[in-house]
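Analysis of the macromolecular model
These are the residues of each chain, in order.
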Amino acid sequence: MCGRRLERSLAFWTLVFIRIVTGLAGEGRSVWKKDPHFSLVSETQMFLYDTFPKEFLWGVGTGAFQVEGGWKKDGKGFSVWDRFIHSELRDADSTDASSDSYTLLDKDMAALDFLGVTFYQFSISWSRLFPTGVVAAPNEKGLQYYNTLIDSLLYRNIDPMVTLYHWDLPLMLQEEYGGWKNESVIDIFNDYATFCFQTFGDRVKYWITIHNPYLVAWHGYGTGIHAPGERGKITTVYSVGHNLIKAHAKVWHNYKNHFQPYQKGMISIVLGSHWIEPNKSEDALDISKCQQSMERVLGWFAKPIHGDGDYPEELKNELLFLPRFTEDEKNYIKGTADFFAFSFGPNNFKPPNTLPKMGQNLSLNLREVLNWIKLEYNNPRILIAENGWFTDSHVKTDDTTAIYMMKNFINKVLQAIKHDNIDVFGYTAWSLLDGFEWQHAYNIRRGLFYVDFKSDKKERIPKSSALYYKQIIQENGFFPTESTLSLQAQFSCDFSWGITESVLKAESMASSPQFCDSSLYLWNITGDGLLHKVKGVKLKTRPPQCTDFVSIKKQLDLLEKMKVTHYRFALDWSLILPNGDLSVVNRQVLRYYRCVISEVLKLSVQSMVTLYYPTHAYLGLPGPLLQTGGWLNRSTAYAFQDYAALCFRELGDLVKLWITINEPNRLSDVYNRSSNDTYRAAHNLLIAHAMAWKTYDEQYRSFQHGKVSLSLHSDWAEPANPYFESHLKAANRFLQFEIGWFADPIFKTGDYPAAMREYISLKTRKGLSYSSLPSFTSEEKQLIKGAADFYALNHFTTRFVIHEPQNGSQYESDRDIQFLQDITCLSSPSRLAVVPWGVRKVLRWIKKTYGDIDIYITANGIDDQSLDNDELRNYYLGKYVQEVLKAYYIDKVKIKGYYAFKLTEEKLKPRFGFFTSDSRGKPSIKSYNNLISNNGFPADYSVCNPSNQEKQCSFCLFISQKKPLIFFACCLFSTLILLLTITVFHKRKRRKRFKAKSIQRICLSF
């Protein structure tokens, strides 16, 4: 009995293991069933820095009709596409305007040499070899061209991969036979293939029979957007597909039986497809629709060839007119491919209205579709036979978008190989050259090399994507440009670990007034639910306390859980000075803020106080100042100086770190009527900050001993395209306009960056803008220069920057930049890219640009949608703090503190908070606690001995969290002691009385 159970168990787990490793045919739908433990920050889901297998094949491809040109040269016959261009695409030039590979073969070879590929996938123009399509005496010029092409490739150690049919059917076969609608074309195609095998097979080891038959059938004979342009019945479409499958199978058997034994080559068919994701991954109906969508496109051809020899069952059940294979035909067709050649490119997604989306979502996730193929067709060997993207026709060599698409696609292939054990043995980038792009004619470009079709020489000029693909081939994968090794070290023992909050809304009165109101109240005595004062009764009161404010109690509780040493929050200027000047000072609000600071100090937490914290939604100015123009009016700067002096005087004895203004370099979204408004507002903000700093420096620093600065939004800028100097200049220009705009006057020259001023002036001279930067007087320069005690930066992400010339008098237009989203980067719901090395780069840049100054990172964080498992925030914290540590320890940047952003999230806004709006903590709190208690990433020992601190803090935290219980226990214990004392006292008293009576009796007896 036990033996049978053991055998059954062993068989079951063997089956599970085989399914995991190889996949079982027909299991493709399991791809959409998401793992409940799926994690975006898992190493298996992140961009993978690794190499491909040593024997991996790197190639590039073209189609004959797209690049050869010479459509009626040297005896070439007409194809269906030659007629289609002149009848249906009349706006398009003929293919004579193409890359002209037929006469410029040497230039194609030079392009291949440049890339360093191991194979070249090209197609033979059927009508160039046999003008009528029927095999007879071949066209000698055409034959000579293909022999020269193959020999030239072999001379360069590049394997030719030859496609027999890439859509350019000889016109005569269409006119006399009806093209692929007629089964007779199957034998004619086989004769043509036989000639190719006989003529070229001794030198060709990889053959493709037909390229993407789905598009031939669906668009050639259905939608009519491809040649021959027939808009036939749906039955015709599937009849054509039926014949294409049979034609492929016949050619495959022909090669297997007559040529492969001695030529030793391999042969397959390229099948193309889209990919689709369910609206809801947990919805079985949505998953079924996705499966149906894939079966209607890829499964239509893949299941007969790579599966059981027949069409998908759902397709047969739904399409009663679908042609049927006999049992002999099924056996004949089944397995007629030596590898799975797969096409995944824009042609498989366009036009989107022709795809069977089934109400689900199109996706470009190449890794997922490879997994589907693995599970659906029993883990075949796979060649990516076509992959790439497109650009608009006006794009020449700066095809930056294509780089990121290529990066994404190829890395997905690498992930599939390394993480999913999918047997992908080669990759074909599409295409080598710009050329004719089918229904799009010359309106888009797909080449790695740019070709000016109107030029005589038609030089092959490498685009950025060619340079990038060459690098991938040389490295056989991806190597990180920045160090990814973790550093084990700690920050200084006095390092500030903080948490940032935005504006604290002060309570106008204490939430617990019963301690300061001497009246006695009765509630609901008349059933009205109100409090009624009892006349003539007075109770004892006590002075008001800071903990009477409920919001302060909540903040203290949250801060205790964070274990931080510093708390950054902002005051509300409009609440403290509602009139904008000192005529009315809200002392209650000032008292509230003082209470926050003093109560936080009792937790051994220092406050970093921000005086002014504007946002896009709330400018934060007192009403009267807004009415007089806000920051466009210089008087606002003087009002700010008075406000700052008040805060320094009232709160400065408790505050050692001040921020005057948070992110003044982001106010362009508010003052955006014109660039001159933006620059004028910024000018006044700088003056306001400098006057506030000077006030503190002259009047308060000597006895308060604090430091003052302003916080600048300081995201790093990386050139989106590393191969173009214009992108590098654009990234530097972004830093000057974003950071240098405010930092240069304060930390460097007392004036705006020269590069910024010169660039704006250049655009103005050219008539592209009417912008003008304001000028500082010599007194203002002296006032501003050096008006900060440290550099405070808010950093959240890295921006990938493109040079994009723009006209108009707007701040954004003056910069001439555009941002690009790197789709390979992990990103947040608000599309913030997680690029940890960016923070280290910006810290080094600040040190290099502004000297060896003290730096505080006053805000760093990311939004995470999850409430109970904010793993993205956990990942972000660990990686960014690690890079900050590298800047501190390796680059010797004087980083004094790190403040995570932010304490609590706000309703209806991106979830940046460690706590929800109702004060529920998230798991990332513990991660941040560990960073703080370890003071970084220590090795085996700690310089600051954090273990003792951790024990002490843990004990303190226990005490603070269990205050009510401890108080009750103390009361109970005191009561017990008191009762015990009274009991002992009475017992002793009774004994004394008993002794006294006993003595008295003895005396009486005597």
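Of the regular secondary structure elements, the protein chain holds 33 helices and 29 strands. Relative to its length of 1006 residues, the protein chain is extended, with a C-alpha radius of gyration of 38 Å against a globular reference of 30 Å. The dimensions of the protein chain, computed from C-alpha atoms along their principal axes, are 150 × 95 × 65 Å. Going through the 1006 residues of the protein chain one by one, you find that 56% of them count as buried. Taking as baseline every contact in the protein chain between residues at least 6 positions apart, the subset at least 24 positions apart corresponds to 78%. As displayed, the protein chain offers around 44,100 Å² of accessible surface, 55% of which is attributable to carbon and sulfur atoms. Separation of charge centres in the protein chain, based on 118 positive and 105 negative side chains, amounts to 12 Å.

This part is about helix α15 (residues 366-376). In terms of burial, α15 is largely enclosed, as eleven of its eleven residues are buried. Where α15 is concerned, the buried positions are Leu366, Arg367, Glu368, Val369, Leu370, Asn371, Trp372, Ile373, Lys374, Leu375 and Glu376. Measuring from the side-chain oxygen of the N-cap residue of α15 to the backbone nitrogen of Arg367 gives 3.2 Å; that N-cap residue is Asn365. Where α15 terminates, the next one or two residues include Asn378, which has phi positive at roughly 60°.

Before going further, it helps to spend a moment on the pattern of salt bridges. Within the structure shown, the criterion is met by 55 salt bridges. Lys246 is the salt-bridge partner of Glu329, the closest N and O atoms lying 3.5 Å from each other. Residue Glu329 is located in helix α14 (residues 327-333), and its partner Lys246 is located in helix α10 (residues 234-258); the two are separated by 83 residues in the primary sequence. For Glu329, a relative accessible area of 22% puts it in the partly exposed group. Given the relative accessible area of 15%, Lys246 is considered buried. Among the salt bridges present, the one from Glu698 reaches Lys694, with a minimum N-O distance of 3.9 Å. With Glu698 and Lys694 both in helix α23 (residues 675-699) and four residues apart, this pair spans about one turn of that helix. Overall, the relative accessible area of 55% leaves Glu698 in the exposed class. In this structure Lys694 comes out as partly exposed when scored by relative accessible area, which is 37%.

So, about the packing of helix α16 (residues 400-420) against helix α17 (residues 464-475). In helix packing, the relevant descriptors are the interaxial angle and the interaxial distance, both defined with respect to the helix axes. Closest axis-to-axis distance for the α16/α17 pair is 9 Å, and the angle between their directions is 30°. For the element pair α16 / α17, the angle class is roughly parallel. For the pair α16 and α17, the sense of crossing is right-handed. Contacts from Ala402, Ile403, Met406, Lys407 and Ile410 in α16 reach Ser464, Ser465, Tyr468, Tyr469 and Ile472 in α17. For the contact of α16 with α17, the per-class residue count stands at seven nonpolar, two polar and one charged.

Turning our attention to the sheet that holds strand β21 (residues 657-662). On the basis of which strands lie adjacent, the closed barrel formed by eight strands has the order β16-β19-β20-β21-β22-β24-β27-β28 and parallel pairing. In this sheet, adjacent strand axes meet at a mean angle of 25° when their direction is disregarded. Of the pairings in the sheet, the one linking strand β20 (residues 606-612) to β21 comprises four bridges and is parallel in character. Within the sheet, the bridge partner assigned to Thr610 lies in β21 and is Ile659. Helix α30 (residues 871-889) contacts β16 (496-503), β27 (855-860) and β28 (895-901) of the sheet and is inclined by roughly 170° relative to β28.

Time to look at the sheet that holds strand β26 (residues 817-820). Hydrogen bonding along the main chain pairs the strands of a sheet, whether they run parallel or antiparallel. Pairing within the open sheet is mixed, and its three strands lie in the order β23-β25-β26. This sheet does not close on itself; its edge strands, each paired only once, are β23 (716-719) and β26. Mean inter-strand twist for the sheet, computed between neighbouring axes without regard to direction, equals 45°. Relative to strand β25 (residues 798-803), β23 runs parallel, the two sharing four bridges. When the bridges of β25 are listed, Pro719 appears paired with Val801.

Here we take up the state of the cysteines. Evaluation of the coordinates by the stated rule reveals one disulfide. Cys647 takes part in no disulfide bond, and the closest cysteine sulfur, belonging to Cys595, lies 15 Å away. Here Cys647 falls in the buried class, since its relative accessible area comes to 0%.

Moving on: empty space enclosed by the protein. One pass over the structure, following the stated rule, counts eight cavities of 30 Å³ or more. Its volume calculated, the largest cavity comes out at about 130 Å³. If you trace the largest cavity, you find 18 residues lining it, with Gly388, Trp389, Ala402, Trp430 and Leu448 closest to the centre. Of all the secondary structure elements, the ones that give two or more residues to the lining of the largest cavity are α16 and β11 (424-430).

The subject of this paragraph is the nonpolar core. Core analysis: the biggest nonpolar cluster contains 287 residues, and Trp180, Phe342, Tyr469, Trp631, Leu843 and Tyr928 have the highest contact counts within it. Sort the elements by how many residues they give to this core and α23 lands first, with twelve residues. Apart from residues no more than four positions distant in its own chain, Tyr928 is found in contact with Trp497, Gly498, Met562, Val564, Leu877, Tyr898, Tyr899, Ala900 and Phe914. By size, the runner-up hydrophobic cluster in this structure holds eleven residues, among which are Leu57, Val270, Ala341 and Leu383.

Let us look at the pairing of strand β2 (residues 119-123). The buried fraction of β2 amounts to five of the five residues, a majority that puts the element mostly inside the structure. Alternating residues of β2 divide into Phe119, Gln121 and Ser123 and Tyr120 and Phe122, and every residue in both groups is buried. Bridge analysis of strand β1 (residues 57-61) against β2 gives three bridges, and the strand direction is parallel. In the sheet register, Gly61 faces β2, and the bridge partner there is Gln121.

Attention now moves to the packing of aromatic side chains. When we look at a pair of aromatic rings, we describe it by the centre distance and by the angle of the planes. Applying the stated criterion to the full structure yields 96 aromatic pairs. Between Phe197 and Phe259 the ring centres are 5.3 Å apart and the planes differ by 55°, which places this aromatic pair in the tilted class. One end of the pair, Phe197, is in helix α8 (residues 184-200); the other, Phe259, is in the loop between α10 and α11 (260-263), with 62 residues separating them in the sequence. In this structure an aromatic cluster arises from ring pairing among Phe340, Phe342, Phe344, Phe349, Trp372, Tyr377, Trp389, Phe390 and Phe409. Lying across the ring of Tyr102, Arg128 places its NZ or CZ 4.0 Å from the centre. Stacked on the ring of Phe114, the Lys or Arg Lys470 has its end atom at 4.1 Å from the ring centre.

Between α30 and helix α31 (residues 924-934), whose axes approach to 9 Å, the crossing angle comes to 20°. Here α30 is positioned roughly parallel relative to α31, judged by the angle of their axes. Where α30 crosses over α31, the handedness of that crossing is right-handed. Listed contacts from α31 to Arg873, Asn874, Leu877 and Val881 of α30 are Ser924, Ser927, Tyr928 and Leu931.

Three or four residues apart is the spacing at which side chains of an α-helix point the same way, because the helix has 3.6 residues per turn. Here helix α26 (residues 754-765) spans 16 Å end to end across twelve residues, near enough to the 16 Å set by a 1.5 Å rise per residue. Burial in α26 covers these residues: Met756, Tyr759, Ile760 and Lys763. Viewed along the axis of α26, the buried residues span an arc of 95°, placing them on a single side of the element. Opposite the buried face of α26, at more than 90 degrees from it, the exposed residues are Glu758 and Arg765. Positive backbone phi, at 80°, marks Gly767, one or two positions downstream of α26.

Residue position: Gly179 is located in the loop between α7 (171-177) and α8. Along the sequence, Gly179 and Ile659 sit 480 residues apart, while their C-alpha atoms lie 77 Å from each other. In this structure Gly179 touches Leu169, Leu173, Gln174, Val185 and Tyr221, once residues within four positions along its chain are discounted.

This paragraph deals with a nonpolar patch on the surface. A surface patch of nonpolar side chains, about 410 Å² in accessible area, is lined by Phe968, Leu972, Leu976 and Leu979. With respect to the element layout, Phe968 can be found in helix α33 (residues 963-1005).

In this model, the protein chain carries a mean pLDDT of 91, and residues with pLDDT of at least 70 account for 92%. In the predicted structure, residues 1-24 sits below a pLDDT of 50 and forms 17 contacts with residues beyond four places in sequence or in another chain.

Of note, Ser769 is situated in the loop between α26 and α27 (778-784). Only 2.8 Å separates the side chain of Ser769 from the side chain of Ser771, close enough to count as a polar contact. When neighbours within four sequence positions are excluded, Ser769 is seen to be in contact with Lys763, Thr764, Gly808, Ser809 and Asp814.

So, how was this worked out
Residues numbered from 1 in each chain as written. Predicted model: local features only at pLDDT ≥ 70, side-chain atom pairs only at ≥ 80, totals over all residues. Heavy atoms only, no water. Helix = DSSP H or I, 4+ residues; strand = E, 2+ residues; numbered from the N terminus. Rg over C-alpha atoms; globule rule 2.2 N^0.38 Å. Buried < 20%, exposed > 50% of the residue type's maximum accessible area, 1.4 Å probe, protein only. Contact = heavy atoms within 4.5 Å. Areas by Shrake-Rupley, 256 points an atom, 1.4 Å probe, with all protein chains shown as cover. Lys, Arg positive; Asp, Glu negative; His and termini not counted. Charge placed at Lys NZ, Arg CZ, Asp CG, Glu CD. Polar contact = N/O pair within 3.5 Å; in protein donor to acceptor, adjacent residues only side chain to side chain. Salt bridge = Lys/Arg side-chain N within 4 Å of Asp/Glu carboxyl O. Axes fitted to C-alpha atoms, helices over the stretch in contact; angles between N-to-C directions. Parallel < 35°, antiparallel > 145°, perpendicular 65-115°, else oblique. Left-handed = near helix turned anticlockwise from the far one by under 90°. Nonpolar A, V, L, I, M, F, W, Y, C, P; charged D, E, K, R; others polar. Pairing = 2+ DSSP bridges. Disulfide = S-S within 2.5 Å. 1 Å grid on protein atoms, 1.4 Å probe; cavity = no way out; pocket = protein on both sides within 12 Å on 5 of 7 lines; lining within 4 Å. Points joined across faces, edges and corners; volume = space filled by probe spheres on them. Core = buried A, V, L, I, M, F, W, Y, C linked by side-chain atoms within 4.5 Å. Phe/Tyr/Trp six-rings, centres within 6.5 Å; stacked < 30°, edge-to-face > 60°. Lys NZ or Arg CZ within 6 Å of the ring centre and 35° of its normal. Expected span 1.5 Å × (residues − 1). Arc of directions from axis to C-beta. Patch = residues over 30% accessible without salt bridge, like charges linked within 9 Å, V, L, I, M, F, W, Y side chains within 5 Å. pLDDT = per-residue confidence, 0-100.

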